[in-house]
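The residues making up each chain are set out below.
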Amino acid sequence: MAHVSTTIDTRSGFCKSNSVFYSKRKPIPLPSDEYLDITTFISSRPHAGKIALIDASTGRHFTFPDLWRAVDSVSTSLSNLGIRKGHVILLLSPNSIYFPIIFLSVMSLGAIITTTNPLNTPQEIAKQIADSKPVLAFTTQSLIPKLATASPNLPIILIQNPDQKTENNPPHRVKVVSSVQEMMKQKPSQDRVRDRVRQDDTATLLYSSGTTGLSKGVVSSHRNLIAMVQTILSRFRLEDGKQTFICTVPMFHIYGLAAFASGLLGSGSTIVVLSKFEMDEMFSSIATYRATYLPLVPPILVAMINNADALQAKYDLKSLEWVLSGGAPLSKEVIEGFLVKYPKVTILQGYGLTESTGIGASTDSLEESKRYGTAGMLSPNMEAKIVDPETGETLPVNRTGELWLRGPCVMKGYFSNPEATTSTLDSEGWLRTGDICYIDEDGFIFVVDRLKELIKYKGYQVAPAELEALLLSHPEISDAAVIPYPDKEVGQYPMAYVVRKESSNLSDSQIMDYVATQVAPYKRIRRVAFVGSIPKNPSGKILRKDLIKLATSKL
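What you see is a predicted model; the values in this text were computed from it and never measured. (Residues numbered from 1 in each chain as written. Predicted model: local features only at pLDDT ≥ 70, side-chain atom pairs only at ≥ 80, totals over all residues. Heavy atoms only, no water.)

Overview of the overall build of the protein
Basically, it comes down to this: Segments assigned H or I by DSSP are reported as helices when at least four residues long, segments assigned E as strands when at least two residues long, and all are numbered from the N terminus. Using C-alpha atoms as the atom set, the radius of gyration is obtained and then compared with a globule rule of 2.2 Å times the number of residues to the power 0.38. Contacts are assigned to residue pairs that have any heavy atoms within 4.5 Å of one another. Accessibility throughout is a Shrake-Rupley quantity obtained with a 1.4 Å probe, and a residue counts as covered only by protein chains that appear here. Charge convention: Lys and Arg are scored as positive, Asp and Glu as negative, and His as well as the terminal groups of each chain are ignored. Where a charge sits is defined by one atom per residue type, namely NZ (Lys), CZ (Arg), CG (Asp) or CD (Glu).
In terms of regular secondary structure, the protein is built from 17 helices and 29 strands. Relative to the 2.2 N^0.38 estimate, which gives 24 Å for 555 residues, the radius of gyration of the protein is 23 Å and therefore close to what a compact globule would have. C-alpha extents for the protein along the principal axes are approximately 65 × 65 × 55 Å. By sequence separation, contacts in the protein at least 24 residues apart represent 67% of the contacts at least 6 residues apart. Working note: accessible area of the protein is about 23,400 Å², and carbon and sulfur atoms make up 52% of it. On the protein, the mean spot of the 59 positive side-chain charges and the mean spot of the 54 negative ones are 3 Å from each other.

Pasting the structure below:
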């Protein structure tokens, strides 16, 4: 970067000679040791923290020495079961204090972790298993039926709370080989077979809808995760061990995985884990554990504003200092409304993709957050371009185009999908985000639109293409299009435009029921309109913008 430094505009970070925006944040040094895995990197970080993880509902907890002993024991047990570098392990579980232990144990061996949403249907889970080919799965007793349907022969390790009774003969024919609790009793062995893990080796295989709509495995390396952890730690400077975070965002998703199953454990912070999002439990946990940080998605922030008086009368929220919002930029009305109700709490925002290991841009102070509607400034070590999607021309400050990102957190590619990889990552390492953005004269990124048309439901991503394929499989539907429909509570939900076959009297509720039985709850279609035809361009691409205009014109 030194060779262009003289031409970089210090205010915006834009360099005229190559049309690249450089991060204005202080660069973070990354470890140069070629042989370094993410687990070793996190466990060797100095900090003053004592309690690592607390289960919000039971109060059960792990100190940092407990955590690393457990990781050592579970990885020894996995090694004894024959798990080696390069093996894929599936983790299907709601949030729990055991989730980070499994995550870090698997990666310490050089094995690869793939996570999936517990709300997914057996068919959706089966698709991911067929693609990623795991040799072993970690799951809970209640999720066994889904795994048994999705992949009956996959060996299972049970995640159970110590006071939970295990059924000796689960009703489904599955091969349960052990439990996490049994593995944690294993004496760590120095003699275990341990392959040398390089920073460039694959660590995670997370599934994302990417820029084309169908789910693809995002391959991230130990180097990507180490850079991500360094970015999180430099953002919050938490080594005093005095901060307590509430974890409600799902750990199977990059947001939760980056923060709670890895990044923050390197800082000495305490993480209070809620197995699922429940407003009252979240607030009683803030009060009980004197939490200082609350990461969430915008719909929860809106609910906090709408219910502020009742919440503050019922719970002691004085310890709360920071709210971290991700998933979508917050409007001026939301930020100002929040600051009126919670004047002592600072809002921080973040922008990232699964493909960039959750890193991209952020606001790191209240002043930065008050640049309303921004996704923040580029994270340390990140570079950006704004590219005209029609012409490929790179654009300067305040011009709108597709955001491209490059940096140490950008994925290696899509798993076994060279075509999707080359259409998303170019030969110079630039990641096409699929987001239409501009960067202003002070280096703040504003997301204007989505090239990739994903629907954001409570922070979950819903791909229209997947729902359209499902609708077209109905014998009485001749054509269909799915669009995001705005909603104050959830952000957006899927709405379908449907062309019925001649003589069909299919109703909207029949269509919604048809889809609901085949997808996770957050993907359900919640509104249907019948039309004579779906508007398309000459090449047959659905003109979703026209349909969105039609749907929202009545609002």
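Description of the packing of aromatic side chains
Note the following rule: We call Phe, Tyr and Trp rings a pair once their centres come within 6.5 Å, taking the six-membered ring for Trp, and we label the pair stacked below 30 degrees between planes, edge-to-face above 60, and tilted otherwise. Each residue's exposure class comes from its accessible area (1.4 Å probe, protein chains only) as a fraction of the maximum for that residue type: buried when under 20%, exposed when over 50%, partly exposed otherwise.
With the rule as written, the count across this model stands at 13 aromatic pairs. Taken together, a centroid distance of 5.5 Å and an interplanar angle of 70 degrees make the contact between Phe236 and Tyr293 edge-to-face. Here the residue Phe236 occupies a position in helix 7 (residues 222-236), and Tyr293 occupies one in strand 14 (residues 293-296), the gap between them amounting to 57 residues. Ring plane angle 25 degrees and centroid distance 4.7 Å describe the contact between Phe338 and Tyr342, whose orientation is recorded as stacked. Accessibility assignment for this pair places Phe338 and Tyr342 in one class, buried. Aromatic rings pair up to connect Phe236, Phe245, Phe260, Tyr293 and Trp322 into one cluster.

Observations concerning the environment of Ile8
Along the polypeptide, Ile8 turns up in the segment before strand 1 (14-15). Relative accessible area serves as the criterion here: at 17%, Ile8 is assigned to the buried category. Separated by 500 residues in sequence, Ile8 and Asp508 have C-alpha atoms that sit 56 Å apart.

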